[in-house]
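Residue-level listing of the chains:
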Amino acid sequence: MGVPQISNRSGQTANRSEPARSGSERPAWSRRGILTVLGAVPAVALTGCSGSADASEGTGATAAAGAKTQAQAKVKEPTVTVTPADGTKKADFTSPVEVAVANGTLASVGVTGNDGSTLAGSFNDARTKWTSTRNPYSGTKYTVTATPQGADAHTATFVTKSPGETFVGYFTPEANATSGVGMPVSINFTQAVKDRAAVEKAITVTAEPAVEVVGHWFSDTRLDFRPEAYWAAGTKITLSLRLKDVEGANDVYGVQSKNVTFHIGRRQISTVDLTKKTMTVERDGSTLASYPVTGGDAEHTTWSGIMVISERFRQTRMESSTVGLGDEYDISDVPHAQRLTTSGTFIHGNYWAPTSVFGTSNTSHGCIGLHDAKGANDTSVPGSTFYNSSMLGDVVIVKNSGEKTVDPANGLNGWNLSWADWKAGSAL
């Protein structure tokens, strides 16, 4: 509704009457009438303002809802990235597995191999990245399941490549064997090891009761472990091989991942005195037996020092040509032979020498002989008795032989090294 225009002509007074107008003329307005009309304006204006306010509120709510929808649309879903990438067929196995998330955090990560193994790992402080604590194994298919916080799980798979060239370590003693107190844990590798520290770090030897055990490299293919003194009787030894995918040399990787246990039996130490030509056997601190023996003659002296029984044969052939002595002897049935050195020193039964030789003369080509019977069937003779009382790993100490101390690498004879020298041979 419009408001009539009000004229304010010059010279007009408030109480002046104007002449009547024809029907076509605008009616006269009194001051009161004008005020009355003006008084109605606020009502009209208020009504108009009320309607305008309602419209503004509706428009604002719609705009806010639209803005909220747009904001929600701009929120990105978490994006998971797995390294090695999903579907990789020949993934590297020399680096850890990594899982990263963008636009979120990681609630959990699991990595499982088709061999049943799992990879543990840790998150960074922001939980936006997970890294495995070790590398994946070679030649294995892995499934990675990563779940971002508040989102669905992400799954990826990859297969690691197989190594081109490999090596293994053959160990002594055999698994579950019971040995004498002098038996070291000796490992011989099928390939020369260039990275000794990496390989030694992957091998541990522990004992119950506990004792410090240290490795010593005799060559690129041999690593032995021993404590400072002989093992205690009854000790349980565990060899832990974690060589799988350890790079021993350039592009040459280990394949073993296993634990092996051994046991130490009673303590038996035999001492051979080649001046007296006797051997005294002590078992757990008490004298078990004493035997007359014969050792190496003046031209073929017997090694002196600490030696460990590494092989045992009820009967075996001994041929001089195999130890660099030409055709001096070839005996096909040496009874009760027990190896002391790789180079060919044995303590064995002897049936071909007169009984009077034992305890009186050193007549051998370097071995230690005890009286025995042909055929190895007479259990009453010293050769048989000593053989039956012995086991692999027993200690035989030779003194007064006229020969220098045996090389520690010649057999399982690392006990001839001081503890300081032994530890100096470790790569760690």
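What you see is a predicted model; the values in this text were computed from it and never measured.

Novice: Can you walk me through the packing of aromatic side chains in this structure?
Specialist: For any pair of aromatic rings, the description consists of the separation of the ring centres together with the inter-plane angle of the planes. Overall, the coordinates contain nine aromatic pairs when judged by the stated rule. On the basis of an interplanar angle of 75 degrees and a centroid distance of 5.1 Å, the ring pair of Phe93 and Tyr253 is categorised as edge-to-face. Taken together, the residues Phe93 in the loop between strand S1 (79–83) and strand S2 (98–102) and Tyr253 in strand S17 (residues 252–254) connect sequence positions 160 residues apart. Here the two residues Phe93 and Tyr253 agree in accessibility, since each one is buried.

Novice: Looking at this model, I keep getting lost on the pairing of strand S24 (residues 330–339). Mind explaining?
Specialist: Successive residues of a regular strand alternate their side chains across the two faces of the sheet. Judged by how many residues are buried, S24 sits mostly within the fold: eight of ten residues are covered. Across seven bridges, strand S23 (residues 311–319) lies against S24 in antiparallel orientation. Paired with Met318 across the bridge in S24 is Ile331. Bridge count between S24 and strand S25 (residues 346–350): two bridges; the pairing is antiparallel. Residue pairing for S25: Gln338 is matched across the bridge by Ile347. Hairpin geometry of S24 and S25 is characterised by an intervening segment of six residues between the two adjacent antiparallel strands and by a positive phi of about 120 degrees at Gly344.

Novice: Help me out: how do you make sense of the sheet that holds strand S26 (residues 368–371) in this one?
Specialist: Two strands in a sheet stick together by hydrogen bonds in their backbones, pointing the same way (parallel) or opposite ways (antiparallel). Pairing is mixed across the open sheet formed by four strands, whose spatial order is S23-S24-S25-S26. Unpaired on one side and paired on the other, S23 and S26 mark the two borders of the sheet. This sheet shows a mean twist of 40 degrees between the axes of neighbouring strands, independent of strand direction. Where helix H3 (residues 382–389) meets the sheet, it contacts S23, S24, S25 and S26, and its direction lies at approximately 40 degrees from that of S24.

Novice: How do you make sense of the confidence of the model for the chain when you look at a structure like this?
Specialist: Low-pLDDT stretches of the model should not have their predicted coordinates read in fine detail. Taken as a whole, the chain shows an average pLDDT of 88; of its residues, 83% reach a score of 70 or greater. Predicted confidence for residues 1–57 stays below pLDDT 50, and this span has 13 contacts to residues more than four positions away or in other chains.

Novice: Sorry if this is basic, but what is going on with the pattern of salt bridges here?
Specialist: Pairs can form between side chains of opposite charge once their charged atoms are near each other. Inspection of every chain in the model, using the stated rule, returns ten salt bridges. Among the salt bridges present, the one from Asp220 reaches Lys194, with a minimum N-O distance of 3.8 Å. Within this pair, whereas Asp220 is found in the loop between strand S13 (214–219) and strand S14 (222–226), its partner Lys194 is found in the loop between strand S11 (185–189) and helix H2 (196–201), the two being separated by 26 residues in sequence. As a salt-bridge pair, Asp333 and Lys374 come within 2.6 Å of each other at their nearest N and O atoms.

Novice: Can you walk me through the side chain of Gln338 in this structure?
Specialist: As for its position among the elements, Gln338 is in strand S24. In terms of polar contacts, Gln338 uses its side chain to reach the side chain of Arg312, at 2.8 Å. With residues up to four places along the chain from it excluded, the contact list for Gln338 reads Ile309, Glu311, Arg312, Thr345, Phe346, Ile347, Phe386, Tyr387 and Ser390.

Novice: What is the right way to read the sheet that holds strand S12 (residues 203–208) from this model?
Specialist: Overall, mixed pairing links the four strands, which are arranged S10-S18-S15-S12 in an open sheet. Two strands close off the open sheet at either side, each with one partner strand: strand S10 (178–179) and S12. The sheet contact formed by S10 and strand S18 (residues 257–264) spans two bridges and is parallel. The residue bridging Thr178 from the neighbouring strand is His263, located in S18.

Novice: Which parts of the structure should I look at to understand the environment of Pro292?
Specialist: By secondary structure assignment, the location of Pro292 is in strand S21 (residues 286–292). Residue Pro292 is classed as partly exposed on the basis of its relative accessible area, which comes to 37%. With 13 residues separating them in the primary sequence, Pro292 and Met279 have C-alpha atoms 6.4 Å apart.

Each value, and the rule that gives it
- Residues numbered from 1 in each chain as written.
- Predicted model: local features only at pLDDT ≥ 70, side-chain atom pairs only at ≥ 80, totals over all residues.
- Heavy atoms only, no water.
- Phe/Tyr/Trp six-rings, centres within 6.5 Å; stacked < 30°, edge-to-face > 60°.
- Helix = DSSP H or I, 4+ residues; strand = E, 2+ residues; numbered from the N terminus.
- Buried < 20%, exposed > 50% of the residue type's maximum accessible area, 1.4 Å probe, protein only.
- Pairing = 2+ DSSP bridges.
- Axes fitted to C-alpha atoms, helices over the stretch in contact; angles between N-to-C directions.
- Contact = heavy atoms within 4.5 Å.
- pLDDT = per-residue confidence, 0-100.
- Salt bridge = Lys/Arg side-chain N within 4 Å of Asp/Glu carboxyl O.
- Polar contact = N/O pair within 3.5 Å; in protein donor to acceptor, adjacent residues only side chain to side chain.

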